[in-house]
Amino acid sequence: MKNLKNKIHLLEEEIQTREKNKEKKLFLMEMKKIGIERLPYAFSALKQFIDPETMSYHYNKHYKGYVDKLNDALQKKKGGDVELEEIIRNISKYDKTIRNNAGGAFNHALFWKMLSPQTQRPKGDVLSHIEKEFGNFNNFKKKFEQVAKERFGSGWVWLVLTKRNSLKIMSTTNQDNPLMNVIENGGYPILGLDLWEHAYYLKYRNKRDMYIKNFWKAVNWDFVNQLYDTRKKDKVNETKKLQSVILEGKSQRCSKDDTKKIKELFNKNPTVKRIYQSTIQRVLKDIFPEHYYDKGEYSEGQQSGIYDFEGDGRSVINKLNTNYTCFCILLNDINQVMERSKKKKFNFENKTPEEQIEEVKRFVNTLKYFQSRIFDRNSNTFENIMTTLTQTHERGAKTEEIATAIMKKKFGRDNVRIVGELGGSIDMFEDTDAIIKIDGKEYTAQIKPFGQIIEEDDKFIMVDTGQVKPNKTDWLVFQKGKLVFVFDNLLTDIVDGKFTFPTSALLYTIES
Ligand code: FE
């Protein structure tokens, strides 16, 4: 009996899913065709927002004009039956006429449906998501209006669901749409407002601000939710599918030996390092556009990078491009995928520098290909990378803490302070971990752990110091246990990937 009940329940669920999918398919098909969309209300129906004359002109002259010109232009082009959304998504393949008219046709088809004769309250999943991302609806409204007001000349303002499933307000010029592949950091538009003069001038004249304000009285939140739900579910399914591709295997740990090999590779072949580093920066910007800030955009004097990601402030993920272990993790995990798909694995050993450069180019291309799978928050690889970066950061913080404590004993409690916290003042003192005051003069210092110090031919060579790269601080400070060495950074030399100093560069040896 229980079994039968279960069976019926399962069947019911299946029917429901099928119905939903059918509905979704129909809806998407409707969205894609390049016919003239019927206006879902009378020209006079939106009086709270726009007058009948404008609506009639807007629909009959402007909108139909775009559709006709687009169909004309497409007829001249071979290929025939292309869906409008496909054209929009691949707009770079087409000329300017098609870009303008396909944009015009697509934008207006969406716009008509985004308007409602009845004033609706914002609602549904869209409202929850807006509140989550903008604090409250009013904040969102203000921001949307502000972006709209700032659009100079013809264009549109949009609320967009990004490929990372976050909401974002943006504006496009002319008839461009956020879905066009020529638009940087776009996404799927779920709400939009036409800011061309033809959309408001008869009623509002030069008072575009009033037109923007009155838009809220005519938004069709039912339709906006429909668009949102369709896209969001698509996205979730896609993510799951993609995950299973990259994540069949477990993300690999990296042995000390492997990491050491990467370190050697980077130090001996700076081009390999440069190609990898610039790719990582581009990928992070691409994948987390909503967390990416240009220099000074997040706070005054701050570096460009990813912020407010795992918590408030600068993210540890910014260290990804200089972390050898993470390169090693990416290499191993991508090699798992290569192996599964029976492709040649990446290998940098026993190769000439030129071959290594070719190999890293092939590697970053593959990395870019898999980027949305690798940098998915649920991906095993990503989790491994974040854990590694967090641990490295915490270890570094520990080193700084111990070293400053030891230096405080020597130079006085008030004369030593840590500045190198993520997202803190590090941005103003690039690579500076601490500032030490002696006789009124301040010295900046970078603090590093070390494994061993070797004295050889009037030179000190520091071994196992983590990342080795030149920096601009006055001092380089090394800590191990209760021992601290302070070197004059002006005399630093990097030999075979190791910090090397003439003996005269040693300023202080402090033992606690
Ligand atoms: Fe228009």
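In case you missed it, the structure is sitting above this.
Residues numbered from 1 in each chain as written. Predicted model: local features only at pLDDT ≥ 70, side-chain atom pairs only at ≥ 80, totals over all residues. Heavy atoms only, no water.

Topic: the environment of Gly-305
So, point 1. Along the chain, Gly-305 turns up in strand 5 (residues 305-306).
So, point 2. The class for Gly-305 is buried, based on a relative accessible area of 5%. (Helix = DSSP H or I, 4+ residues; strand = E, 2+ residues; numbered from the N terminus. Buried < 20%, exposed > 50% of the residue type's maximum accessible area, 1.4 Å probe, protein only.)

Some words on the pairing of strand 12 (residues 483-488)
So, point 1. With six bridges joining them, strand 11 (residues 475-480) and strand 12 adopt antiparallel strand pairing. Bridge pairing in strand 12 links Val-477 to Val-486.
So, point 2. Here strand 11 hands over to strand 12 after two residues, with Gly-481 in that stretch at a positive phi of 55°.
So, point 3. As defined by bridge partners, strand 12 adjoins strand 15 (residues 506-511) across five bridges and the pair is classed as antiparallel. Bridged to Leu-483 within strand 15 is Glu-511. (Pairing = 2+ DSSP bridges.)

Concerning the sheet that holds strand 2 (residues 167-173)
Note: strands within a sheet are paired through backbone hydrogen bonds, in either parallel or antiparallel orientation.
So, point 1. One open sheet holds the three strands; their spatial order is 2-1-3, and the pairing between them is antiparallel. Either end of the sheet is taken by a strand with one partner, and the two such strands are strand 2 and strand 3 (188-194). Looking at each pair of strands side by side, their axes are set apart by 25° on average, direction ignored.
So, point 2. Looking at chain direction, strand 1 (residues 155-161) and strand 3 are connected through six bridges and run antiparallel. Looking across to strand 3, one finds that Val-160 is bridged to Pro-189.
So, point 3. Most of the contacts of helix 4 (residues 96-113) go to strand 3, to which it runs at about 85°, and overall it touches strand 1 and strand 3. (Axes fitted to C-alpha atoms, helices over the stretch in contact; angles between N-to-C directions. Contact = heavy atoms within 4.5 Å.)

Things to note about the pattern of salt bridges
So, point 1. Following the criterion strictly, the structure yields 13 salt bridges and no others.
So, point 2. Between Glu-37 and Lys-113 there is a salt bridge; the shortest N-O distance is 3.1 Å. Here Glu-37 is found in the loop between helix 1 (2-32) and helix 2 (52-76), whereas its partner Lys-113 is found in helix 4, with 76 residues between them in sequence. Across the pair, exposure class does not vary: Glu-37 and Lys-113 are buried alike.
So, point 3. Among the ionic pairs, Lys-351 bridges to Glu-359, the shortest N-O distance being 3.8 Å.
So, point 4. Take Lys-351: its relative accessible area is 26%, and that puts it in the partly exposed class.
So, point 5. Looking at Glu-359, the relative accessible area reads 6%, which means it is buried.
So, point 6. A cluster of three or more residues bridged by salt bridges with shared partners is formed by Glu-85, Arg-89 and Arg-231. (Salt bridge = Lys/Arg side-chain N within 4 Å of Asp/Glu carboxyl O.)

Considerations on helix 5 (residues 124-134)
So, point 1. All buried positions along helix 5 are accounted for by Val-126, Leu-127, His-129, Ile-130 and Phe-134. All buried residues of helix 5 project into a common sector of 165° when viewed along the axis, lining one side.
So, point 2. The first or second residue beyond helix 5 is Gly-135, which carries a positive phi of 90°. (Arc of directions from axis to C-beta.)

Topic: the packing of helix 10 (residues 256-268) against helix 11 (residues 270-287)
So, point 1. Between helix 10 and helix 11, whose axes approach to 5 Å, the crossing angle comes to 105°. Considered as vectors, helix 10 and helix 11 are oriented roughly perpendicular to each other. From helix 10, Leu-265, Phe-266, Asn-267 and Lys-268 reach across to helix 11, where they touch Pro-270, Val-272, Lys-273 and Tyr-276.
So, point 2. Here the contact of helix 10 with helix 11 is built from residues that sort into five nonpolar, one polar and two charged. (Parallel < 35°, antiparallel > 145°, perpendicular 65-115°, else oblique. Nonpolar A, V, L, I, M, F, W, Y, C, P; charged D, E, K, R; others polar.)

Regarding the coordination of the iron ion
Tetrahedral coordination by four donors puts the ideal angle at the metal at 109.5 degrees, and octahedral coordination by six puts it at 90 or 180 degrees.
So, point 1. For the iron ion, the protein coordination sphere consists of His-58 (NE2), His-108 (NE2), Asp-194 (OD) and His-198 (NE2), at 1.9 to 2.1 Å.
So, point 2. Taken together, the four donor atoms coordinating the iron ion and their angles of 87 to 140° define a geometry best described as irregular.
So, point 3. Counting the intervening residues between successive donors of the iron ion yields the motif H-x49-H-x85-D-x3-H. Pair noted here: His-58 is in helix 2 and His-108 is in helix 4, with a separation of 50 residues, a long-range link.
So, point 4. With a relative accessible area of 0%, His-108 lands in the buried category. (Donors = N, O, S within 2.8 Å, 3.2 Å for Na, K, Ca; no water. Tetrahedral: all angles 85-135°; square planar, octahedral: opposite > 155°, others 65-115°.)

Some remarks on the sheet that holds strand 6 (residues 416-418)
So, point 1. Strand order in the open sheet formed by six strands is 6-7-8-11-12-15, and the pairing between neighbours is mixed. Taken across any chain shown, the strands that pair with only one partner, and hence form the sheet edges, are strand 6 and strand 15. Strand-to-strand twist in this sheet, taken as the mean axis angle between neighbours without regard to direction, amounts to 25°.

As for a negative patch on the surface
So, point 1. There is a patch of like negative charges on the surface, built from Glu-455, Glu-456, Asp-457 and Asp-458.
So, point 2. Relative to the helices and strands, Asp-457 is located in the loop between strand 9 (452-456) and strand 10 (459-463). (Patch = residues over 30% accessible without salt bridge, like charges linked within 9 Å, V, L, I, M, F, W, Y side chains within 5 Å. Areas by Shrake-Rupley, 256 points an atom, 1.4 Å probe, with all protein chains shown as cover. Lys, Arg positive; Asp, Glu negative; His and termini not counted. Charge placed at Lys NZ, Arg CZ, Asp CG, Glu CD.)

What about the packing of helix 2 against helix 4?
So, point 1. Where helix 2 contacts helix 4, the axes come no closer than 8 Å and their chain directions differ by 135°. For the element pair helix 2 / helix 4, the angle class is oblique. When the axes of helix 2 and helix 4 are compared, the crossing they make is left-handed. Note on element contacts: helix 4 touches helix 2 through Thr-97, Ile-98, Asn-100, Asn-101, Ala-102, Gly-104, Ala-105, His-108, Ala-109, Phe-111 and Trp-112, opposite Met-55, His-58, Tyr-59, Tyr-63, Gly-65, Tyr-66, Val-67, Lys-69, Leu-70, Ala-73 and Leu-74. (Left-handed = near helix turned anticlockwise from the far one by under 90°.)

What about the state of the cysteines?
So, point 1. Tallying each qualifying case throughout the model produces one disulfide.
So, point 2. What pairs with Cys-254 in a disulfide is Cys-328, and their sulfur atoms sit 1.8 Å apart. Of note, the bridge from Cys-254 to Cys-328 carries an S-S torsion of about -90° and is left-handed in sense. Highlighted residues: Cys-254 in the loop between helix 9 (221-246) and helix 10 and Cys-328 in helix 12 (residues 324-340), separated in sequence by 74 residues. Note on accessibility: Cys-254 and Cys-328 belong to one class, buried. (Disulfide = S-S within 2.5 Å.)

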